[in-house]
Amino acid sequence: MEASMLAAAAEAFAVLMDPLRLLLLAGGVLMGLFLGIVPGIGGLAGMALLLPFTYTRDPYSAFAMLLGMAAVTGTSDTIPAVLFAVPGSAGAQATVMDGNPMAKRGEAGRALSAAYTSSLIGGLFGALILALTIPVLRPLMLHLGSPELLALSIFGISMVAILSGTAPLRGLIAAGLGIMLSMIGSDPQTGTLRWTLDTLYLWEGLPVVPVVLGLFALPELADLAIKRQAIASDAKIDVRSGMVQGMKDALNNWWLIVRCSGIGAAVGAIPGLGASVVDWIAYGHAMQTVKGANETFGKGDVRGVIAPESANNAITAGSLVPTIAFGVPGSASMAILLGVFLIHGLIPGPDMLTKNLSITYSMIWSIAIANILGAGICFAFSGQLAKIALLRYTVILPGVITFVFIGSYQATRDWGDLYTLILFAILGWIMKFLKWPRPPFILGFVLGALIERYMFITATRYGYGWFSRPIVVIFLVLSILLILKPVFQHWRSMGGLKGISANFGRPKFHFSDLLHVFVIALLVAMFVPAFAWPFGAAVGPLFVGGVSLVFAVVSLLNQIFSRTIVTSREERGELQSHTIHMDMQVSYEEMSRKELALRVATFFFYLVLFLVLIAAVGFILTIPIFTALYMWFEGRENWKPILGQAVGMTVLIYVVFDTVLHVLWPGSLLGQLVPALRVIPAV
Amino acid sequence: MGLYSRLSGAAAAIAVAFGFFAGAPAKATADDAAIANFYRGKTMDLIIGYSPGGGYDQYARLVGRFLGKHIPGNPSIVPRNLPGASSRTAAAFLYAKAPQDGTVIGTADQSLALAQVMGDSTLRDIDTGKFGYVGSPTMENNIVITWHKSKVTDVEKARQIAVPIGATGGSTSSQYPLIMNNLLGTRFEIIMGYPGGNDINMAMENGEVDGRGSVNWGSVKPLGWVDKKMINILVQVGLQREKELPNVPLLMDFAAKDEDKQMLRLISAPTTIGRPIFSTPNVPPERLDALRKAFDAMVKDPEFLAAAQKEGLLVEPISGKQLEQIVTEIVSTPKDVGAKLAKLIGVQ
């Protein structure tokens, strides 16, 4: 490292040590921790929330506060993931896989502690990589043209193969469906409005936040309500010894942390990729490389917590790379951060690496300090937090559901966000119930749009020449290897051609085949209108839709016929399963089918009730009414906790979202009938 | 007075109390008092059709911080982001849903009026001529550029040599090179699909494309690219040349015949709308007038100018009256001209 760089780094550190700046940084960290815990409201909302407060500050303070906030959402988002199986932000979806089973075993303390430690190291490692690569940042990034971005996106999506677990075909269909749904909206080539159902809402596509919350948060809450118990049923949570153990776990797996931090930083640096896939990519990497992962992952293996948690903290530093070097935002939060650059008259690009180097270093220091502070605070309070897992579901659910609704509504502040949430909640729960892997859907949804975009740029600009670029070759070969492995395994588990033909039996239909039928119908409905579009808009949907349709039909037939193959091979002892199902295992054995159906219906009734209340009396008044109704009818709680939670939540949401964020609420029937009541917020 | 004839009974009484003397210049002070009465203690909404952080958002928030000070009664102004559909969501909200009493203002795409003329069906029934235009803090031309390493340095070279030009789909960055290919005979290979302007800048730097189909002069200037001779500016798109770019030809200067001139003028007009701040249709005229006066006073306010400069924002104000004229001119373009332009630049 050159002397001038060291000097700049030292200068930046000294500037940050100013008490007021540290205070702002700490304020950002507290905000970030809070937003991380609250499902659905992550760094993006935090950026929008804090942005107005930075106008009057100097750039060092502004970045300290904003990056302090953004850096630690990945630390605290573990807490709800481990305790309730609800990811606190999109980056903690994979943490749920092993973190929550650990909590159910009474090891919440250990899981949390391992997660904080990996978050801390991951965050610091990301900052370190950024600090060291500054001199080569721009030349390095200039090697990443559209073909490279395309190859990296394809590599990312090939993780679907690993993340499909025992159900490779269903994984591929889920991924295909994800890609198809990602192509909703105005297409990047011709501007054709694809599948917008004549609404403005779908113009820019389905927003990712309500999709993630619907697919991953609400189904877990549904099961919590269906099982009607606390998260950890036996009350023997030993937090203290667990904490020490968790820290040791993380340190013993330092090499895994380093690898996953590297993945996190790299994913962060690629524009368009972000928190919603980084955890799955890291988790997939761990599954592939860690010893014995096939037996233990998904059942409470601490390494399944360490991998995603280290990656999702390294991402902040990574996403700064294109932002600082080229003004290309590495993520949606970074797009807002870019606004801060402009406000302070800073221009992303070469200047940030020369003239304004000390500002760049102050950003890196802010990330590092925030990670230390964030992990420290989490450690200090984990003892108390872990006890939340012992609370009854009726106490937890209303608050979390409220946050999920309000978090979704932040996406575009349209009723569409809420409909999207509910539709994907239903899809997510059915997928979970029928053992369809959900991670491939998200990978497809996030990466599909990128692949289409860069595929076009690459094809129009380079023809076929791009296949010979070295980075492209490496990642495409890796992708092919990744995809072929599980396909080959599945083929073998069927006994190859011989096994299939020997055991080919009578078709066996099952009620659950209806999901296949639904998916096929949806794909056909999306496939047909694409024929009418101009080539640029149609080729992606036709290709992906066609391939997905083939997979879906094959999978359906496979399911109908191979039920007999697999059973007969299992009976003869020829087949031993070594792969895991990529989801939380939930057993509903203790209740009858009828009871189960009733409880599912009850839960979704409450979700719809929430929507009806919003339409009737507005968002803010819905919160106390819903909380009270739910706690009273479902839990017969005392009026004191009901009143406390109803009022507390309402005030919190009002202050944060109405007075600070100035959310534009949907109007209500009450406000239309009695205009005088519009003085009440959101009516 | 047509507006008021619809009021009746109690509402009319209130209207009288608020100053029913619009149009009588001698009663200006009484008018001011009535307007101050109306706005005092009120909270105005400022609807921003984009996510936080971009150019429109930055200008709108700046206006939001200072405009209230100059409106009689000093209402507080709350910026609310309502992103979606290239700001059409916000435009639709302002057009049909927001209260029309002058308490809601907003900002949206400068090209909405042009889209309307071209028969863009996604605008639905919005008539952009009916919004109450308050003013725009700035207007800057767009420019079409190539990187300094490109062989294409001016329009003449662009007619001879085919080079790739980066664009984001369905925006001015694809529309300008398209119309240039069609009417000026340039040979740009338009590479569409870049997610944003800075992505195209990066692609220019690494040689993936030679140039960028459209960029706002206001956002290029601070980069210092012109002084450092990093870019060639082929044309500027607007109705008059930027003061700092006296030697760069306007796009419409290249028109070969009258019909072309009509279309090039039409596609150049939206830049003069800048970052428009406008209210809903049917705002009581004296209130719209008060908002316009407040805007005109604000853009001369030294505090406002200092804040703009600190944020690196150029101020080149357009009054509400001027905006109204420009929009009226655009939307009254003969339908066939609009339709022909739409066909040339690929708008369905």
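Residues numbered from 1 in each chain as written. Chains lettered and ligands numbered in written order. Predicted model: local features only at pLDDT ≥ 70, side-chain atom pairs only at ≥ 80, totals over all residues.

J.: Can you explain the overall build of chain B? Please cite residues and give values.
T.: Within chain B, the regular secondary structure consists of 15 helices and eleven strands. For 348 residues, the compact-globule formula gives about 20 Å, and the C-alpha radius of gyration of chain B, at 22 Å, lands near that figure. In terms of overall dimensions, chain B has a C-alpha envelope of 70 × 45 × 35 Å along the principal axes. Here chain B holds 348 residues, and 51% of them are scored as buried. Summarising the internal contacts of chain B: among those between residues at least 6 apart in sequence, 76% fall at separations of at least 24. (Helix = DSSP H or I, 4+ residues; strand = E, 2+ residues; numbered from the N terminus. Rg over C-alpha atoms; globule rule 2.2 N^0.38 Å. Buried ≥ 20, exposed ≤ 12 C-beta atoms within 10 Å, placed from the backbone. Contact = placed C-beta atoms within 7 Å.)

J.: Kindly report on the sheet that holds strand E3 (residues 104–107) of chain B, identifying the contributing residues and their values.
T.: Hydrogen bonds between backbone groups are what pair the strands of a sheet, and the pairing can be parallel or antiparallel. All names here are of chain B. Ordered by their spatial adjacency, six strands build an open sheet running E2-E1-E3-E10-E4-E11, and the pairing between neighbours is mixed. If you trace the sheet from one side to the other, it starts and ends with strand E2 (76–81) and strand E11 (318–319), each paired once. This element, helix H4 (residues 55–70), spans strand E1 (43–48), E2, E3 and strand E10 (277–279) of the sheet and lies at about 165° to E2. (Pairing = 2+ DSSP bridges. Axes fitted to C-alpha atoms, helices over the stretch in contact; angles between N-to-C directions.)

J.: Report on the interface of chain A and chain B, specifying residues and quantitative values.
T.: At the interface, 38 residues of chain A touch 35 residues of chain B. If you list the elements that add at least two residues to the side of chain A that touches chain B, you get helix H3 (43–54), helix H18 (332–343) and helix H23 (439–462) of chain A. Looking at which element gives the most residues to the side of chain A that touches chain B, the answer is H18 of chain A, with six residues. Its residues placed into classes, the side of chain A that touches chain B shows 19 nonpolar, 13 polar and six charged. (Nonpolar A, V, L, I, M, F, W, Y, C, P; charged D, E, K, R; others polar.)

J.: Lay out unusual backbone geometry with the relevant residues and their values.
T.: Residue and element names in this part refer to chain A. One non-glycine residue, Trp 195, lies in positive phi territory at about 50°. Residue position: Trp 195 is located in the loop between strand E2 (193–194) and helix H12 (208–227). By the C-beta count within 10 Å, which is 17 here, Trp 195 ends up partly exposed. Not every positive phi belongs to a glycine, and Arg 636 is a case in point at roughly 50°.

J.: Just give me the short version of the pairing of strand E8 (residues 211–216) of chain B, but keep the residues and values in it.
T.: All names here are of chain B. Within E8, six of the six residues are buried, leaving the element largely enclosed by the surrounding structure. Direction of pairing for strand E5 (residues 142–147) relative to E8: antiparallel, over a ladder of four bridges. Of the residues in E8, the one forming a bridge with Ile 145 is Arg 212. As paired strands, strand E6 (residues 164–166) and E8 are joined by two bridges and run parallel to one another. Bridge pairing in E8 places Ile 165 opposite Gly 211.

J.: Explain the sheet that holds strand E7 (residues 189–191) of chain B to me, and be specific about the residues and the numbers.
T.: All names here are of chain B. Reading across the sheet, the five strands line up as E7-E6-E8-E5-E9 and stay open at both edges, with mixed pairing between neighbours. The open sheet has two free edges, formed respectively by E7 and strand E9 (231–237), since each of these has just one partner strand. Each adjacent strand pair in this sheet contributes to an overall mean axis angle of 30°, direction not counted. As defined by bridge partners, E6 adjoins E7 across three bridges and the pair is classed as parallel. Within the sheet, the bridge partner assigned to Pro 164 lies in E7 and is Glu 189.

J.: With reference to specific residues and values, describe the domain arrangement of chain B.
T.: All names here are of chain B. Splitting chain B by domain gives domain 1 (2–139 + 274–334) and domain 2 (142–270). Counting residues at the interface gives twelve residues for domain 1, matched by six residues for domain 2. Broken down by secondary-structure element, the contributors of at least two residues to the side of domain 1 that touches domain 2 are helix H6 (112–117) and helix H14 (320–331). Of the residues forming the side of domain 1 that touches domain 2, the biggest block, three residues, is contributed by H6. Considering only residue class, the side of domain 1 that touches domain 2 consists of six nonpolar, six polar and no charged. (Domains from an automatic or database assignment.)

J.: Quick rundown of the domain arrangement of chain A? Include the residues and the values.
T.: Residues and elements named next belong to chain A. Per the domain assignment, the segments of chain A are domain 1 (3–390 + 412–560) and domain 2 (609–679). Its C-alpha centre places domain 1 at a distance of 31 Å from the equivalent point of domain 2. The partner domain 2 presents six residues to the five residues of domain 1 that form the contact. Elements with a contribution of two residues or more to the side of domain 1 that touches domain 2: H3 and helix H22 (415–433). Partitioning the side of domain 1 that touches domain 2 into residue classes produces four nonpolar, no polar and one charged.

J.: Tell me about the confidence of the model for chain B, and name the residues and values.
T.: Caution applies to low-pLDDT parts of the model: their predicted coordinates are not meant to be read in detail. All names here are of chain B. On average, residues of chain B carry a pLDDT of 88, and 91% of them reach 70 or more. Mean pLDDT across the elements of chain B ranges from a minimum in helix H1 (residues 2–5), with 37, to a maximum in E10, with 98. Predicted complex metrics record ipTM = 0.85 and pTM = 0.86. (pLDDT = per-residue confidence, 0-100.)

J.: With reference to specific residues and values, describe the packing of helix H4 (residues 59–76) of chain A against helix H20 (residues 357–386) of chain A.
T.: Axes are the key here: two packed helices are described by the angle between their axes and the distance separating the axes. Residues and elements named next belong to chain A. It is the contact of H4 with H20, at a shortest axis distance of 8 Å, that shows an interaxial angle of 40°. Classified by the angle between their axes, H4 and H20 sit oblique to one another. Where H4 crosses over H20, the handedness of that crossing is right-handed. Here Pro 59, Tyr 60, Phe 63, Ala 64, Leu 67, Gly 68, Ala 71, Val 72, Thr 75 and Ser 76 of H4 lie close against H20, whose contacting residues are Ile 359, Ser 362, Met 363, Ser 366, Ile 367, Ala 370, Asn 371, Gly 374, Ala 375 and Cys 378. In the contact of H4 with H20, the residues fall into 13 nonpolar, seven polar and no charged. (Parallel < 35°, antiparallel > 145°, perpendicular 65-115°, else oblique. Left-handed = near helix turned anticlockwise from the far one by under 90°.)

J.: Residues and numbers for the nonpolar core, please.
T.: Core analysis: the largest hydrophobic core is formed by 317 residues, its most contacted members being Leu 66, Val 82, Ala 111, Leu 221 and Leu 443 of chain A. Leaving out residues up to four positions away in the same chain, Leu 443 of chain A has contacts with Gly 156, Ile 157, Met 159, Val 160, Leu 163, Ala 175, Gly 178, Val 277 and Trp 280 of chain A. (Core = buried A, V, L, I, M, F, W, Y, C linked by C-beta atoms within 7 Å.)

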